[in-house]
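Structural characterization, general
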Amino acid sequence: MTDVIVVGAGLGGSSTAMFLARRGIDVLVVERHASTSPHPRAAGQHQRTMEFLHIGGVADEIRAVGPPPAEFRIKVAESLHGRVLHTVMENFADGLGAVEQLTPAGWGSATQDQAEPIMMEQASNHGATVRFATELVSFEQDADGVTAQLLDVESGRSEEVRAKYLVGADGNRSPIRERLGIARTGFGGLSNHIGIVFDADLTGVLPDGEQWLYYLQNPAFTGAYIGVNKPNRHIFSIEYHPEKGESFTDYPAERIVELMRIGLDSPDLDPEIIWTGPWEMAARIAEKWRDGRVFLVGDAAKVTPPTGALGGNAAVGDGFDLAWKLAAVLTGEAGPGLLDTYEAERKRAAELVVNESMANYVLRMAPHLAGPDIPEAIGPIEVVLGVRHTSSAVIPEPDDGSLTMDPFKFNGEPGFHAPHVVLPSGETTLDVWGAGWALLGGPDGGWDEIDLGILQFRSLGEVHDRFGVGREGASLLRPDGVVAWRTTSKADEATLKNVLRQVLSC
Ligand SMILES: Cc1cc2nc3c(=O)[nH]c(=O)nc-3n(C[C@H](O)[C@H](O)[C@H](O)COP(=O)(O)OP(=O)(O)OC[C@H]3O[C@@H](n4cnc5c(N)ncnc54)[C@H](O)[C@@H]3O)c2cc1C
């Protein structure tokens, strides 16, 4: 019996498979298409994703294909050179320095068509079996596992495979979620767009070496221009209106090019259209992220407007979270109760992502929707790094109930990302938690003298104050860098073992 079947080779599936395989779990990935997606749409890996990719062993490769651009602007304008209605970001690179205080992971600019194969190859290198042109057609679960019916799309041959768990990384329309009858809530469908990937030499239109993301609110149409990191490759989108009787077919190539010329202030533009297709912008969150032995990750679990570039990143975050928890249960390190913390923690993170994306969507693309029902943006750094984790895998301290914390104020409170420090060993906190469960102890607590079981120990030395544990206390870090528990008391083996049993649901 396979440990885990992952359905879908998008960002959600390829990351889940990679993180599981890196932890020695037996994984089978099935993807109905013949390859990963050729569409570049999700571009950019924020710092939290880069932490995960560092642990997955592919951060350098991602950085190599997608180094951050020297200049990256985000504006809302009538056209590329027309009236600017709002400047979202004058230069993205300006903000990167400050974030280095929070994590050494950096930023990646790989597009989706670059990131998926890198993660999938890493999964294969660590023993995952990847079958393209293979569709999951049905599944049944029982007390011991899941039986999946797979179809070889080319030969038409069917096959039955057993696994202990099934992961639905099968996208927004998720046949797995549908089959389980899991409903979705949220803001629902927001608008309809024609996505266009095109090649054109925009020298003279865009300054050399700069990458731009322009939301276009033009009298002729609403849309967006997105620069990507491949020379002469670009993305464009045009909103169309089914509620006024329009459909995708009302936009043949000539009309698309006419609107692109207006939006790009390039009357002579002669683009090579690589791909066009309709897509719905929506904000929906699945009510349940788990049904027995079946889990949802990525767009299957939540879909968010791309305004803010958070959806694909959240898919990788789901994959990382589910993988370390499934691996801990499958290897017997944790009890099955740990798996309940996946939905508890990731659904809350998804709500923050959707709210932030909605606030951005209204500002950048749909100002007519502004009103009391639209959440306020709290800023990408807080959404990405500042989430409070609330589940049985954290022993909380009395708190003010806030869902996030400004990451520049991280103080070691359980439920939040550990502060980034360089330890006396010379390692960063990311180096240590990236390798598994860890205990960071104050210099005088004697924590390294007790039986630490699965925990690796590092002394905090004089940086103990950043974790709020004093000279004698200790801080317990999970494999995702979240503080699970802390104490100001000196070493106590029985207490530590109890804490571990509790957070691992043993
Ligand atoms: C225009 C646009 C721009 C975006 N820009 C960004 C951005 O800049 N940054 C960002 O972070 N996010 C962005 N996103 C969001 C991002 O693309 C998605 O969140 C991400 O692709 C979700 O990945 P996924 O793996 O969950 O789903 P998908 O990429 O949809 O993958 C699902 C896979 O499952 C396969 N599948 C489905 N059913 C089956 C089956 N029964 N058997 C086998 N295989 C199956 C499908 O073929 C597909 O390959 C953007 C989205 C859009 C539409």
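These figures come from a predicted structure and were not determined experimentally.

Note on strand geometry: in a regular strand, side chains alternate between the two faces of the sheet. Extensive coverage of strand E1 (residues 2-7) is indicated by the burial of six of its six residues. In this structure, E1 lies alongside strand E8 (residues 158-168), joined through five bridges in parallel fashion. Within E8, the position partnered with Val7 by the bridge is Gly168. Where E1 and strand E2 (residues 27-30) come together, four bridges link them in parallel fashion. Paired with Ile5 across the bridge in E2 is Leu28. For the handedness criterion, the β-α-β arrangement of E1, helix H1 (residues 11-22) and E2 is classed as right-handed.

Read across the open sheet, the four strands follow the order E18-E17-E19-E20; overall the sheet is mixed. The sheet terminates laterally at strand E18 (456-459) and strand E20 (483-487), the two strands that pair on one side only. Neighbouring strand axes in the sheet, compared pairwise and without regard to direction, differ in orientation by 20 degrees on average. With four bridges joining them, strand E19 (residues 474-477) and E20 adopt antiparallel strand pairing. Within E20, the position partnered with Ala474 by the bridge is Thr487.

A few words on the domain arrangement of the protein. By domain assignment, the protein separates into domain 1 (2-66 + 107-185 + 284-339) and domain 2 (391-503). Taken over C-alpha atoms, the centre of domain 1 sits 29 Å from the centre of domain 2. Contacts between domain 1 and domain 2 engage 11 residues on the former and 13 residues on the latter. The interface formed by domain 1 and domain 2 contains zero salt bridges. Only helix H2 (47-56) and helix H8 (311-330) provide two or more residues apiece to the side of domain 1 that touches domain 2. Its residues assigned to classes, the side of domain 1 that touches domain 2 comprises four nonpolar, one polar and six charged.

Taken together, 30 residues surround the ligand, and among them Gly12, Glu31, Gln112, Asp299 and Gly312 come closest. With respect to the ligand, the backbone of Leu11 contributes an N or O atom lying 3.1 Å from an oxygen atom. For the ligand, a nitrogen atom lies 3.0 Å from a polar atom in the backbone of Leu136. Burial of the ligand by the surrounding chains reaches 88%, relative to a free accessible area of 1000 Å².

This next bit is on the sheet that holds strand E10 (residues 210-218). The sheet built from eight strands is open, its strands ordered E4-E3-E10-E11-E12-E9-E13-E16 with mixed pairing. Two strands close off the open sheet at either side, each with one partner strand: strand E4 (84-89) and strand E16 (302-303). Looking at chain direction, strand E3 (residues 71-77) and E4 are connected through four bridges and run antiparallel. Each bridged residue has a counterpart across the sheet, and for Ile74 the counterpart in E4 is Met89. On the sheet, helix H7 (residues 253-263) packs against strand E9 (184-199), E10, strand E11 (221-227), strand E12 (233-240) and strand E13 (272-286) and is oriented at approximately 105 degrees with respect to E12.

Moving on, we get to the environment of Glu343. Among the secondary structure elements, Glu343 is positioned in helix H9 (residues 340-364). With 43 residues separating them in the primary sequence, Glu343 and Ala300 have C-alpha atoms 13 Å apart. Other than its neighbours up to four places away in sequence, Glu343 contacts Glu287, Lys288, Trp289, Arg290 and Arg348.

Definitions and limits used
Residues numbered from 1 in each chain as written. Predicted model: local features only at pLDDT ≥ 70, side-chain atom pairs only at ≥ 80, totals over all residues. Heavy atoms only, no water. Buried < 20%, exposed > 50% of the residue type's maximum accessible area, 1.4 Å probe, protein only. Helix = DSSP H or I, 4+ residues; strand = E, 2+ residues; numbered from the N terminus. Pairing = 2+ DSSP bridges. Right-handed = clockwise from strand over helix to strand, strands pointing away. Axes fitted to C-alpha atoms, helices over the stretch in contact; angles between N-to-C directions. Domains from an automatic or database assignment. Contact = heavy atoms within 4.5 Å. Salt bridge = Lys/Arg side-chain N within 4 Å of Asp/Glu carboxyl O. Nonpolar A, V, L, I, M, F, W, Y, C, P; charged D, E, K, R; others polar. Near = heavy atom within 4 Å. Polar contact = N/O pair within 3.5 Å; in protein donor to acceptor, adjacent residues only side chain to side chain. Areas by Shrake-Rupley, 256 points an atom, 1.4 Å probe, with all protein chains shown as cover.

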